[in-house]
Amino acid sequence: MSISWQQKEKLLSEETASKDDGIFGSALAIYKNYAVVGNYSYPGNNTRKGKIYIYKKNEEDEDWTKVNDFNKTSNQGRFGTVAAISDDFIFIGSTGTIK
C-alpha cells in the first residue's frame, strides 16, 4: 500500500513570512480544528522572548486562519518552546524565565 501526501497550505507568521528562520513551528499541537504553533525565538535579535499563534481550520474550504497570538515581554523566556491543546485548554511551555 502506498500513501501519498501533498502540501495544501503553508502557515507563516507575520514576522517570518519574509524569511525562513526555522524557528516558527518549533512547537506544534493540533486538536480538532485548532492548531497552536510556537516560535520560541520571537522577535529575534537574540532576545528569544517567544510567541505562540493559534489557528483555526475552516471546515468548508479547509484553509487555516490565525485567530490569536500571545507573547511574553521578558528576554530569554523562550515562551512557546512546547505547546499542547485539549478541549478548551492550551498549555504553553517555556525553558526560560517568564516575568
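Description of the structure in this document.

1. With respect to the packing of aromatic side chains
Part 1 of the argument: Under the counting rule described, the total for this entry stands at 2 aromatic pairs.
Part 2 of the argument: Between Phe89 and Phe91, the aromatic rings sit 6.3 Å apart at their centres with planes inclined by 25°, giving stacked as the arrangement.
Part 3 of the argument: Among the residues examined, Phe89 registers a relative accessible area of 52% and is labelled exposed.

2. Description of the pairing of strand E3 (residues 51-57)
Part 1 of the argument: The element E3 is extensively covered by neighbouring structure, given that 5 of its 7 residues are classed as buried.
Part 2 of the argument: With 7 bridges connecting them, E3 and strand E4 (residues 64-71) associate as antiparallel partners. When the sheet's bridge partners are listed, Tyr55 is paired in E4 with Lys66.
Part 3 of the argument: Between E3 and E4, which pair antiparallel one after the other, the connecting turn spans 6 residues, and Glu62 there sits at a positive phi close to 60°.

So, how was this worked out
- Residues numbered from 1 in each chain as written.
- Predicted model: local features only at pLDDT ≥ 70, side-chain atom pairs only at ≥ 80, totals over all residues.
- Heavy atoms only, no water.
- Phe/Tyr/Trp six-rings, centres within 6.5 Å; stacked < 30°, edge-to-face > 60°.
- Buried < 20%, exposed > 50% of the residue type's maximum accessible area, 1.4 Å probe, protein only.
- Helix = DSSP H or I, 4+ residues; strand = E, 2+ residues; numbered from the N terminus.
- Pairing = 2+ DSSP bridges.

Function-wise, these values are silent; they only describe arrangement.
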